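# Observations on the model geometry
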Amino acid sequence: VCVAITSGASTLAGATLVSSSPVAQYVVGGSTFGIATFKLSTASAGTVANVRELRFQTNGNDAIESITVGGVTAPVISGGTTTVSGLNIAISSTGTDVPVTVKFSGFQNSTTGGSLQTSISSVYVTLGHIEATSGSGSVITNVTPVNSSTMKLVASKPVVTVSAGNTDTLVLGAENKVGEFTVSADANGKISVATTSLSLSAVGVTGVEFTSPRVADGNTTISSGTVTGSSTMSVVFSPAYEISAGQSKTFSVYAVVAGTPQASMTPYVTSRLTSGASFEWKDVIGGNTA
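A few points on the structure. Residue numbers run consecutively from 1 along every chain, following the written order of its sequence. Selection of residues for local features in this predicted model requires a pLDDT of at least 70, selection of side-chain atom pairs for listing and counting requires 80 or more, and totals for whole chains, interfaces and linings are taken over all residues. Water and hydrogen atoms were dropped before computing side-chain values, which therefore reflect all heavy atoms in the structure.

### Section: the overall build of the protein chain
Secondary structure follows DSSP: runs of H or I at least 4 residues long count as helices, runs of E at least 2 residues long count as strands, and numbering of each begins at the N terminus. Within the protein chain, the secondary structure is distributed over zero helices and 22 strands. Here the C-alpha radius of gyration of the protein chain, 27 Å, is well above what a compact globule of 290 residues would show, namely 19 Å. Structurally, the protein chain occupies a C-alpha span of about 100 × 50 × 20 Å along its principal axes. Each residue is assigned to one of three classes by its accessible area relative to the maximum for its type, calculated with a 1.4 Å probe on protein chains only: buried under 20%, partly exposed between the two thresholds, exposed over 50%. The buried share of the protein chain, taken over its 290 residues, is 42%. The long-range share in the protein chain, meaning contacts at least 24 apart out of those at least 6 apart in sequence, stands at 76%. Accessible area for the protein chain stands at about 13,600 Å²; split by element, carbon and sulfur atoms hold 50% of it. The averaged location of the 14 negative side-chain charges in the protein chain is 3 Å from the averaged location of its 12 positive side-chain charges. A radius of gyration in this sense is built from C-alpha atoms; the matching globule rule multiplies 2.2 Å by the number of residues raised to 0.38. Two residues qualify as a contact provided that any one of their heavy atoms is within 4.5 Å of a heavy atom in the partner residue. Where accessible areas are quoted, they stem from the Shrake-Rupley method and a 1.4 Å probe; at the residue level, only the protein chains shown are allowed to cover. Positive charges come from Lys and Arg alone, negative charges from Asp and Glu alone, with His and the N- and C-terminal ends not counted. Positions of charges follow a simple convention, taking NZ of Lys, CZ of Arg, CG of Asp or CD of Glu.

Here it is as structure tokens:
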């Protein structure tokens, strides 16, 4: 008795961007960065395939120099398709996570050096072609495009930290330090700080008012810094306050605090930088882009 035995033919499912893939962010030029992790899989349960080639499009003129997948690196073809071939990635219907790493172009006058002069606001890769061999050895493809997250390529970027707030006892009716934050420039190049906003609240005080605010380096007033507002203070630096590559600057905000102390409580102020677009910095080497 002859029994016919059949096996599922492999086809490729469309790639997906996994949830742990890097989110949109600022990336410094000249760095090597894991821009995305794509899940590759076959379309039917129980089938397997071997991925041998991936093709990418890049967005962002001359922003990416090369793409690396599975230990294979291919130079980016500006305005064209970059093919990473010679791969040997086993996949099945359960899927395999495949990291994609890129080498970003560098900037003139930066530590890493390069040819770029202006930051690039929209940089991403599109996986547009998957080529594999099925379990039977036939060539199979999928051309459903999927994008990485969008990155912003800059010559440098800041790191901002905020102190927990002034926990010293307030002297009501006098000037007090009411907030403090530190901005550090990436080692690749200098940045400048243009504006920020500080939200204040007082504990142990009723009817609190913050007046005569100023921003200082230590206790020395920064002449280019203007502070306005009360419980929310806007800090504007004109011109923007430059911070050299790899350096940090701590900004202290002072104000006269008035109000009525509450019984049996030690009055103090807490502060935080407000969220959103209130913090504006400039990529000095990257064309002074805000």
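### Structural notes on the nonpolar core
General note: in soluble globular proteins, nonpolar side chains tend to be found buried as a group. Buried Ala, Val, Leu, Ile, Met, Phe, Trp, Tyr and Cys residues form a nonpolar core when they are joined through side-chain atoms within 4.5 Å. Ranked by internal contacts, the top residues of the largest apolar core, which has 40 residues, are L40, F56, I67 and V69. Considering each element in turn, this core owes the most residues, six residues, to strand β9 (residues 120-134). Apart from the residues within four sequence positions on either side, F56 is in contact with F38, I67, V69, G80, T81, T82, V84, V100, V125, T126 and L127. Core analysis: the next-biggest nonpolar cluster, separate from the first, contains 28 residues, L170, V193, V205 and M233 among them.

### A short note on the packing of aromatic side chains
Aromatic rings from Phe, Tyr and Trp, taking only the six-membered ring of Trp, are treated as a pair when their centres fall within 6.5 Å; an angle between ring planes under 30 degrees marks them as stacked, one over 60 as edge-to-face, and anything in between as tilted. Scanning the model with the defined rule gives six aromatic pairs in all. With centroids separated by 5.2 Å and ring planes inclined at 75°, the aromatic side chains of Y26 and W281 adopt a geometry described as edge-to-face. Taken together, the residues Y26 in strand β2 (residues 26-28) and W281 in strand β22 (residues 280-282) connect sequence positions 255 residues apart. Judged by relative accessible area, which is 35%, Y26 ranks as partly exposed.

### Description of the sheet that holds strand β6 (residues 72-75)
The five strands are arranged β1-β3-β8-β5-β6 in an open sheet whose pairing can be described as antiparallel. Two strands lie at the open edges of the sheet, namely β1 (16-17) and β6, each paired on one side alone. With two bridges joining them, β1 and strand β3 (residues 32-40) adopt antiparallel strand pairing. Its bridge partner being in β3, T16 is matched across the sheet by K39. In this analysis, strands are considered paired if DSSP registers two or more bridges between them.

It is worth stressing that arrangement in space is one thing and function is another; only the former is reported here.
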